[in-house]
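Fold and geometry: a report
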Amino acid sequence: MAKREITLTQFADDLAARIKAGKTIDCCKEELLMLTKIVKEKIGNEKVTVDWKDN
């Protein structure tokens, strides 16, 4: 696995594809944490409806 710089759009597309394919997202925990920081700083007041499931 090589480090590469990608846009947030590319990351979102890659992440969505992994989720839809039923693949694990453990591979990008650090990137997801970085994304949460960006979301809080840039678009933190946007709303989303969630169906939150606990394991």
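Residues numbered from 1 in each chain as written. Predicted model: local features only at pLDDT ≥ 70, side-chain atom pairs only at ≥ 80, totals over all residues. Heavy atoms only, no water.

**Notes on the environment of Gly 22**
Selection rule: For the purposes of this entry, the term helix denotes a DSSP run of H or I that reaches at least four residues, the term strand denotes a run of E that reaches at least two, and both are numbered from the N terminus. Throughout, exposure labels follow a simple rule: accessible area from a 1.4 Å probe, protein chains only, divided by the maximum for the residue type, with under 20% read as buried, over 50% as exposed, and the rest as partly exposed.
Counting through the fold element by element, Gly 22 comes out in the loop between helix H1 (8–20) and helix H2 (29–42). Taking relative accessible area as the criterion, Gly 22 reaches 64% and is therefore assigned exposed. Put simply, Gly 22 and Leu 8 are 14 residues apart on the chain and 21 Å apart in space, counted from C-alpha to C-alpha.

**Here's the deal with the environment of Thr 9**
Inspection of the secondary structure assignment puts Thr 9 in helix H1. The class of Thr 9 is exposed, set by a relative accessible area of 55%. For the pair formed by Thr 9 and Asp 26, sequence separation is 17 residues and the distance between their alpha carbons is 19 Å.

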